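Observations on the three-dimensional arrangement
What follows is each chain in one-letter form.
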Number of protein chains: 2
Amino acid sequence: MKFISTPVKGMNDFLPEEMRLREHVLDLIKQTYATYGFSQIETPAMEHIENLTGKQGGENEKLIFRVMKRGRELEKGMETGELADSGLRYDLTVPLCRYYANHKNDLPTPLKALQMGNVWRADKPQKGRFRQFTQCDIDIIGDGSIMAEIELIAATAKMLTRIFSEVGIREFTVHLNDRRILKAMAAYAGFTPEQYDDVFILLDKMDKIGLEGVKESLLDKEYAPEAVEKYISLFREITPDLKCREFCGKTCAAYLEEKVPGNMDTIMNSVACMIDPSVRLVFDPTLVRGMSYYTGTIFEISIDGYNFSIAGGGRYDEMIGRFLNQPVPACGFSIGFERIITILKDLGWKEEDGGKKRIAFLVDEKSASEKLLEVFKKATLLRDEGSIVTVQPLKKNAKFQIETLEKNGYTEIKKVYSDTEL
Amino acid sequence: MKFISTPVKGMNDFLPEEMRLREHVLDLIKQTYATYGFSQIETPAMEHIENLTGKQGGENEKLIFRVMKRGRELEKGMETGELADSGLRYDLTVPLCRYYANHKNDLPTPLKALQMGNVWRADKPQKGRFRQFTQCDIDIIGDGSIMAEIELIAATAKMLTRIFSEVGIREFTVHLNDRRILKAMAAYAGFTPEQYDDVFILLDKMDKIGLEGVKESLLDKEYAPEAVEKYISLFREITPDLKCREFCGKTCAAYLEEKVPGNMDTIMNSVACMIDPSVRLVFDPTLVRGMSYYTGTIFEISIDGYNFSIAGGGRYDEMIGRFLNQPVPACGFSIGFERIITILKDLGWKEEDGGKKRIAFLVDEKSASEKLLEVFKKATLLRDEGSIVTVQPLKKNAKFQIETLEKNGYTEIKKVYSDTEL
């Protein structure tokens, strides 16, 4: 019999220690969002292939794991579609849209949804990139007001503070922008709407190539030098305590819906009064966010000193409507769960037992059944008092057994023979 | 764009209310087993096709969802194997064996493992049978003593008592038997080893066709009438408080390893002192358990008044060894998670809030940004005090909005306008 003991390529087994960290973080996420009135929901791992290939998934649509129909074997002249009509989900957004379309009448409005689940991508495996990984998405559907942004950002900042304060980190930066401001700035500089997407792709490289790099890239693409100069000079005005209304007022306000800059300031002021003072809120006109489905506010959170984001999202008011044929405002945050786990491990996260005692009874197998009964009675008492207790046979190599137990947090380890007093 | 809003056939979306029940039960399971020193572990949803088709899965091997290789399209003359080299797991036992083989040196011994995860079977969907469902498996690997059985049964009985006492149920029956006793009884009656499996399949129908039905079926199969009569008369001696050693001593003891009946009594006596007195422990020589991989003790738990089991398992000392080429004792319990959920729903399980207040602020969207700030400050205070608070826009159809919130447990619902005092 052929048997392969490693997991499928690019996928992970989790040992008890890693599981404790993952479960602990998942619990903190659940607890925090619950306080803000979010409800957990869940969809199946598999989705109809039609939904997965509906152009909402961008590049991820190339990475679908297709699942073969039951009992379908290969036959001559068969098409791939006949063989596989579903696939593993590559994100939690497409399933959320389907879920909302399917259950709209049974759901509260607005729906404040928390999803935690695995997604699968047939990506080239590499360090820190897996073919199965856990995603956490938080979405508010049916709230077109800025209350959605405020609740999402405040809850997420709170959650990150709770998690990372366990490894001594409390400094985060929330970057905020708005797709409409991005567009207004481009319009103000003199770019045409057809040029926006291309310009934003180059702008998005700012943190890698710097402002001068962006300028050169734009000039390389033969955009009008005056437009490029006017555009680049906008970003030269940025200071860390930049207020959105002030910035837009001096520059692109004429190209912008009037309420947008004021809303941004209200979002930032409201969030500021809800979160830990060590979390900075920054209006950041360089923030782009890749996905084209965003329609309004966009945001990212990074840990100070790390040059990548650990959570990001924004408003996407048109996506769900496309499935339902009626407008449905929506705003969401995606948490980089695996990234958070990696950072916590790197920073030496240690489990806290919450004061629970861990006790092990290692029982000599030759003990009389009365002694066994006595051990189990004692174990039951200790468990009822809240201790963690394990009863197991005393191994021949007791030294190794005891070391392993100690590594797993057991502090009281007792060998039991027939004549041992408990 | 074609878009299908229902989930993939045979699979479920979970609404917030159902998720709260599922999460609550999962939490109780995790908490209870943690007290007994079990650690959570996790394996990927996908497994190598070789492992899934290694004859450990029985009938389930016919129900594998095969996953196509990345980017592999159908080509002329291709074999199914070239197209799909992995599949979705149909149980948690095969992955556990692979996991243990892969990580043996990094795991404590014995390993007390708790797995909670989804499995997939391309089964014909029907009421209560799904193509994706959650399984909970608890296994002790590397403990050949009866301490494994005692810990498993006691922990599982305790867990069920905790869960079901919330709907007023505390009466369970634990049925215990041993594959070696089953065989000894058949040998004592005069059946040959080749006949055992067939005899046990008929015996397993006892709860449906009764003892006389089993007798007739055996006679129909033309087994020797004396053997059938001797076998059937064994079961006539069964009383609810039957002790194993007494029963075997009067009957099949000569065909049995000497320690087996005494061990059964010790298991039962030890478990009895660890669990709620309303849980009955019964030595039940009619218990068969379908899977052929069991080698010793077998057990099932049923709720009194329901004629099916909600948890079952046993000792399987040879299975893991087949993968590792060295003997590894193992004993496990499988919890019927979906069945438990169904029963709790049928019995009208109601969420308890643990005394947490649920407060909703419904804010008129025309309110000034200062009022919004005030609401969010108030919400933050209440959340810090431990309340669940949601802030959302006041909908035009406020009546429906309020009803939905009440249905979701919100008791304080406050409409907020610009001039509302908070």
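Placed above this text is the structure.
Residues numbered from 1 in each chain as written. Chains lettered and ligands numbered in written order. Predicted model: local features only at pLDDT ≥ 70, side-chain atom pairs only at ≥ 80, totals over all residues. Heavy atoms only, no water.

**Here's the deal with the relation of the copies chain B and chain A**
With an RMSD of 0.1 Å, the fit of chain B onto chain A corresponds to turning through 180° and sliding 0.0 Å along the axis. Expressed as a symmetry operation, the mapping of one chain copy onto the other fits a two-fold axis. The C-alpha atom lying nearest the rotation axis in chain B is that of B:Val67; the distance is 2.2 Å. (Least-squares fit on C-alpha atoms with pLDDT ≥ 70 in both.)

**Considerations on the side chain of A:Arg98**
Mapping A:Arg98 onto the fold places it in helix α4 (residues 93-103). Among the residues examined, A:Arg98 registers a relative accessible area of 0% and is labelled buried. Among the polar contacts listed, one links the side chain of A:Arg98 to the backbone oxygen of B:Ser5, at a separation of 3.1 Å. Apart from the residues within four sequence positions on either side, A:Arg98 is in contact with A:Thr43, A:Pro44, A:Glu47, A:Asn51, B:Phe3, B:Ile4, B:Ser5, B:Thr6, B:Pro7 and B:Asp13. (Helix = DSSP H or I, 4+ residues; strand = E, 2+ residues; numbered from the N terminus. Buried < 20%, exposed > 50% of the residue type's maximum accessible area, 1.4 Å probe, protein only. Polar contact = N/O pair within 3.5 Å; in protein donor to acceptor, adjacent residues only side chain to side chain. Contact = heavy atoms within 4.5 Å.)

**Points about the nonpolar core**
Counting 118 residues, the largest nonpolar core has A:Phe361, B:Ile29, B:Phe164, B:Phe191 and B:Tyr231 as its most contacted members. It is helix α5 (residues 147-164) of chain B that contributes the most residues to this core, 12 residues altogether. Setting aside anything within four residues of it in sequence, one finds A:Phe361 in contact with A:Val375, A:Lys378, A:Ala379, A:Leu382, A:Val389, A:Thr390, A:Val391, A:Gln392, A:Lys414, A:Val416 and A:Leu422. Counting residues in each nonpolar core, the second largest holds 117 residues, with A:Ile140, A:Ala189, B:Phe3 and B:Val375 among its members. (Core = buried A, V, L, I, M, F, W, Y, C linked by side-chain atoms within 4.5 Å.)

**Examining the interface of chain B and chain A**
Many structure descriptions define interface size as the accessible area lost when the parts assemble. Across the boundary between the two partners, chain B contributes 107 residues, which contact 107 residues of chain A. Regarding the contact of chain B and chain A, the summed buried area is about 9,500 Å², with carbon and sulfur atoms giving 62% of it. When residues of chain B are sorted by the area they lose upon contact with chain A, B:Phe3, B:Arg70 and B:Met147 head the list and together hold 7% of the total. The interface formed by chain B and chain A holds 8 salt bridges in total. Across the pair A:Lys30 and B:Glu23 runs a salt bridge, and its minimum N-O distance is 2.9 Å. Seen at the junction of chain B and chain A, the total is 38 residue pairs in polar contact (both at pLDDT 80 or more). A per-element tally of the side of chain B that touches chain A places helix α14 (residues 369-384) of chain B first, with 8 residues. (Buried area = accessible area lost by both parts, 1.4 Å probe. Salt bridge = Lys/Arg side-chain N within 4 Å of Asp/Glu carboxyl O.)

**Some words on the state of the cysteines**
A covalent bond between the sulfur atoms of two cysteines is referred to as a disulfide. For the structure on display, the rule yields 0 disulfides over all chains. Of all cysteine sulfurs, the one in A:Cys331 lies closest to A:Cys273, which takes part in no disulfide; the gap is 18 Å. (Disulfide = S-S within 2.5 Å.)

**Brief notes about the packing of helix α1 (residues 16-35) of chain A against helix α5 (residues 147-164) of chain A**
Residue and element names in this part refer to chain A. Their axes nearest at 9 Å, the elements α1 and α5 cross at an angle of 145°. For the pair α1 and α5, the sense of crossing is right-handed. Packed against α1, whose contacting residues are Val25, Leu28, Ile29, Gln31, Thr32 and Tyr33, the element α5 presents Ala155, Thr156, Lys158, Met159, Arg162 and Ile163 at the interface. Tallied by class, the residues present in the contact of α1 with α5 amount to 7 nonpolar, 3 polar and 2 charged. (Axes fitted to C-alpha atoms, helices over the stretch in contact; angles between N-to-C directions. Left-handed = near helix turned anticlockwise from the far one by under 90°. Nonpolar A, V, L, I, M, F, W, Y, C, P; charged D, E, K, R; others polar.)

**Observations regarding α14(B)**
Its 16 residues give α14(B) an end-to-end C-alpha distance of 23 Å, which sits within 8% of 22 Å, the value for a rise of 1.5 Å per residue. Where α14(B) is concerned, the buried positions are B:Lys371, B:Leu372, B:Val375, B:Phe376, B:Ala379, B:Thr380, B:Leu382 and B:Arg383. Against α1, α5 and α11 (259-272) of chain A together with β12 (358-363), β13 (388-393) and β14 (412-416) of chain B lie the buried residues of α14(B). At the C-terminal side of α14(B), B:Gly386 shows a positive phi close to 105°. (Expected span 1.5 Å × (residues − 1).)

**Focus: the sheet that holds strand β1 (residues 39-40) of chain A**
Residue and element names in this part refer to chain A. An order of β1-β5-β6-β11-β10-β9-β7-β8 is seen for the 8 strands of this open sheet, with the pairing classed as mixed. Lying at the two open borders of the sheet, with one neighbouring strand each, are β1 and β8 (279-283). Note that strand β7 (residues 172-178) and β8 share 5 bridges and pair parallel. Opposite histidine 175, over in β8, you have valine 282 as the bridge partner. Of the strands in this sheet, β1, β5 (111-120), β6 (132-141) and β11 (330-335) touch α1, which is tilted by about 160° from β5. (Pairing = 2+ DSSP bridges.)

**Quick word on the environment of B:Asp91**
Residue and element names in this part refer to chain B. Looking at the element boundaries, aspartate 91 is found in the loop between β4 (84-88) and α4 (93-103). The class for aspartate 91 is buried, based on a relative accessible area of 9%. Through-space distance from the C-alpha of aspartate 91 to that of cysteine 136 is 9.7 Å; in sequence the pair is 45 residues apart. Apart from the residues within four sequence positions on either side, aspartate 91 is in contact with Val119, Arg121 and Gln135.

**Observations concerning the environment of A:Leu160**
Residue and element names in this part refer to chain A. Considering the arrangement of structural elements, one finds leucine 160 in helix α5. By relative accessible area, leucine 160 is classed as buried at 0%. Not counting chain neighbours up to four residues away, the residues in contact with leucine 160 comprise Ser165, Phe172, Ile301, Ile310 and Ile340.

**Considerations on helix α15 (residues 398-407) of chain B**
All names here are of chain B. All of the buried residues in α15 are Ala398, Gln401, Thr404 and Leu405. When α15 is viewed along its axis, its buried side chains cluster within an angular range of 125° and face the same direction. Away from its buried face by more than 90 degrees, α15 exposes Lys399 and Lys407. Tucked into the core, α15 has its buried residues touching β12, β13 and β14. Directly after α15, the chain includes glycine 409, whose backbone phi takes a positive value near 95°. (Arc of directions from axis to C-beta.)

**Here's the deal with the pattern of salt bridges**
Tallied over the entire structure, the rule returns 55 salt bridges over all chains. Here B:Glu412 and B:Lys357 are joined by a salt bridge, their closest N and O atoms 3.8 Å apart. One end of the pair, B:Glu412, is in strand β14; the other, B:Lys357, is in the loop between α13 (337-346) and β12, and 55 residues separate them in sequence. For B:Lys357, a relative accessible area of 43% corresponds to the partly exposed category. Salt bridges sharing partners connect three or more residues here, namely A:Asp178, A:Arg180, A:Glu257 and A:Lys259.

**Points about the packing of aromatic side chains**
Going through the model one piece at a time under the given rule, you end up with 24 aromatic pairs over all chains. A centroid spacing of 6.0 Å and a plane angle of 25° characterise the contact between B:Tyr196 and B:Phe200, whose relative ring orientation is stacked. Placement of the pair is B:Tyr196 and B:Phe200 together in helix α7 (residues 193-203), with a separation of 4 residues, close to one helical turn. The exposure class of B:Tyr196 is buried, given its relative accessible area of 12%. Taken together, the ring pairs connect A:Phe191, A:Tyr223, A:Tyr231 and A:Phe235 into an aromatic cluster. A:Lys112 extends its terminal NZ or CZ atom over the ring of A:Phe38, reaching a point 5.1 Å from the ring centre. (Phe/Tyr/Trp six-rings, centres within 6.5 Å; stacked < 30°, edge-to-face > 60°. Lys NZ or Arg CZ within 6 Å of the ring centre and 35° of its normal.)

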